[in-house]
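Residue-level structural notes
Next come the chains, spelled out residue by residue.
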Amino acid sequence: MKNNKIWLFALLILAWACSGEKNTETQVPEVVVKPYPAFNADSAYAFVQKQVDFGPRVPGTPGHAATKAWIIAEMESYGMSVQTQDFQVKTYDGLNWNLSNIIASYNPKATKRILLAAHWDTRRIADKDTERINEPIDGANDGASGVGVLLEIARTISSQGLKPEVGIDFIFFDGEDDGEPEMSSGRNNSQVWWCHGSQYWSKNKHIPNYSAYYGILVDLVGAKNARFYREGYSRQFAGGIVSKVWGHASQLGHSGFFIQKDAPEIIDDHYFVNSQAGIPMIDIIEFSPDFGFGHYHHTHQDNMDLIDSRTLKAVGETVLFTVYQE
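Read on for an overview of the structure.

Rules behind the numbers
- Residues numbered from 1 in each chain as written.
- Predicted model: local features only at pLDDT ≥ 70, side-chain atom pairs only at ≥ 80, totals over all residues.
- Heavy atoms only, no water.
- Helix = DSSP H or I, 4+ residues; strand = E, 2+ residues; numbered from the N terminus.
- Buried < 20%, exposed > 50% of the residue type's maximum accessible area, 1.4 Å probe, protein only.
- Polar contact = N/O pair within 3.5 Å; in protein donor to acceptor, adjacent residues only side chain to side chain.
- Expected span 1.5 Å × (residues − 1).
- Contact = heavy atoms within 4.5 Å.
- 1 Å grid on protein atoms, 1.4 Å probe; cavity = no way out; pocket = protein on both sides within 12 Å on 5 of 7 lines; lining within 4 Å.
- Points joined across faces, edges and corners; volume = space filled by probe spheres on them.
- Nonpolar A, V, L, I, M, F, W, Y, C, P; charged D, E, K, R; others polar.
- Core = buried A, V, L, I, M, F, W, Y, C linked by side-chain atoms within 4.5 Å.
- Phe/Tyr/Trp six-rings, centres within 6.5 Å; stacked < 30°, edge-to-face > 60°.
- Pairing = 2+ DSSP bridges.
- Axes fitted to C-alpha atoms, helices over the stretch in contact; angles between N-to-C directions.

1. Brief notes about the side chain of Thr67
Within the secondary structure, Thr67 sits in helix α3 (residues 62-77). For Thr67, a relative accessible area of 0% gives the class buried. Side-chain polar atoms of Thr67 contact the backbone oxygen of Gly63, separated by 2.7 Å.

What follows is the structure, encoded as structure tokens:
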């Protein structure tokens, strides 16, 4: 009789445990994915190629002027309202440059807004190279890749019947890539000589009191075998957005590109949008916590041979998906 009671008690415990497991399973919330259009990586690649064909986009050069006119025309053709923000800066070596931020808006009346950004200028020197150091680089990845991804997102939104439920502002920052040379001696520390466009915009927004729910900056997002780690300032200012975007990348099958590992802080356009404009913005950028920027960075190897449509797709689809889930 005693043994029978023990077995009965054991059976009751087992039944209760199984019941608890069943209830736990039924309580797992279902992940609801809002419909989103496909990202065309071949089209994004063509946008990168087009910029490289203009030549280096160094401020004050024909390539810079041609690229500006082309970006404006492309965004207007997608039905976006476009404006430029023209301003002048002094470079680290005393030059006076005329720069232009290009701002295009989708659904400008929407109160909830997402900010997507890239820089469209290129570096005038190849200071990490061993030859032709004083010649400008193509900037296929450092500049053109981010612009290509944003243009394809804008084209996709305009060409699809399926539209995002939020407003989107695309900002193409100018003058990002003209900081002091890598091995410069007697550095001028009176200010940050990089990211002129985002520094200016953060203090002089295109709309007074403009704000956004959050922002995503894309920079160096087209190289073969690229890996994107969770950059330091992104985690500091917008940790929740980092988790959201890296989670979406994993959900889409891009975890081989978006690595769940932390990287150090990088001064990029997002730093000023965060610290001066007060908008939480993350940076999707190829920068390894182990060896820093890729071998091509600020060299003449930053050309079209470096660009891979698979990398462009991983980044472009992740950003597009994220916007459509809002």
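2. Regarding α3
Its 16 residues place the ends of α3 23 Å apart at the C-alpha level, agreeing with the 22 Å of an ideal helix rising 1.5 Å per residue. Of the residues making up α3, those classed as buried are Gly63, His64, Thr67, Trp70, Ile71, Ile72, Glu74 and Met75. Buried residues along α3 sit in contact with α2 (41-53), β1 (81-90), β2 (96-106), α4 (140-159) and β4 (167-173). Backbone geometry just after α3 places Gly79 at a positive phi near 80°.

3. Observations concerning the layout of surface pockets
The calculated volume of the largest pocket comes to roughly 500 Å³. Around the largest pocket sit 25 residues that line it, and Arg187, Trp194, Ile267, Phe293 and His298 are the ones nearest its centre. In terms of residue class, the lining of the largest pocket is built from 9 nonpolar, 5 polar and 11 charged. If you add up the space inside the second largest pocket, you get close to 250 Å³. Lining the second largest pocket are 19 residues; nearest its centre among them are Lys224, Glu286, Gly294, His295 and Tyr296. Broken down by class, the residue content of the lining of the second largest pocket amounts to 8 nonpolar, 7 polar and 4 charged.

4. Topic: the nonpolar core
Grouped together as the largest cluster of nonpolar side chains are 63 residues, with contacts concentrated most on Met75, Leu116, Phe170, Phe172 and Ile284. Here the element with the most residues in this core is α4; it accounts for 9 residues. Not counting chain neighbours up to four residues away, the residues in contact with Met75 comprise Met80, Val82, Ala104, Leu151, Ala154, Phe170 and Phe172. Formed by 13 residues, the second largest nonpolar core is a distinct cluster that contains Ile103, Ile171, Phe173 and Tyr210.

5. Here's the deal with the environment of Val166
In this structure, Val166 sits in the loop between α4 and β4. Looking at Val166, the relative accessible area reads 2%, which means it is buried. With near-sequence residues (within four places) excluded, Val166 lies in contact with Tyr106, Asn107, Ala110, Lys112, Ile114, Val323 and Glu326.

6. Observations regarding the side chain of Glu180
As for its placement among the helices and strands, Glu180 is situated in the loop between β4 and α5 (196-203). Given the relative accessible area of 8%, Glu180 is considered buried.

7. Here we look at the packing of aromatic side chains
Evaluated as defined, the whole model comprises 14 aromatic pairs. With a centroid separation of 5.5 Å and 45° between ring planes, the pair formed by Phe228 and Phe258 is classed as tilted. Taken together, the residues span a long stretch of sequence, with Phe228 in strand β6 (residues 228-230) and Phe258 in strand β7 (residues 258-262) at a distance of 30 residues. Judged on exposure class, the residue Phe228 and its partner Phe258 are both buried. Ring centres of Tyr233 and Tyr271 lie 4.7 Å apart, and the angle between their planes is 55°; this geometry places the pair in the tilted category. Here the residue Tyr233 occupies a position in helix α6 (residues 232-251), and Tyr271 occupies one in helix α7 (residues 269-275), the gap between them amounting to 38 residues. One aromatic cluster is present, built from ring pairs that chain together Tyr233, Phe237, Tyr271 and Phe272.

8. Quick word on the sheet that holds β4
Reading across from one edge, β1-β2-β4-β3-β5-β8 is the order of the 6 strands in this open sheet, with mixed pairing throughout. Two strands bound the open sheet, and with one partner strand each, they are β1 and β8 (281-285). Geometrically, the sheet is characterised by an average inter-axis angle of 20° between neighbouring strands, direction not taken into account. Direction of pairing for strand β3 (residues 113-119) relative to strand β5 (residues 214-219): parallel, over a ladder of 4 bridges. Within β5, the residue paired with Ala117 across the bridge is Leu217. Of the strands in this sheet, β1, β2, β3 and β4 are in contact with α5, which crosses β1 at around 110°.

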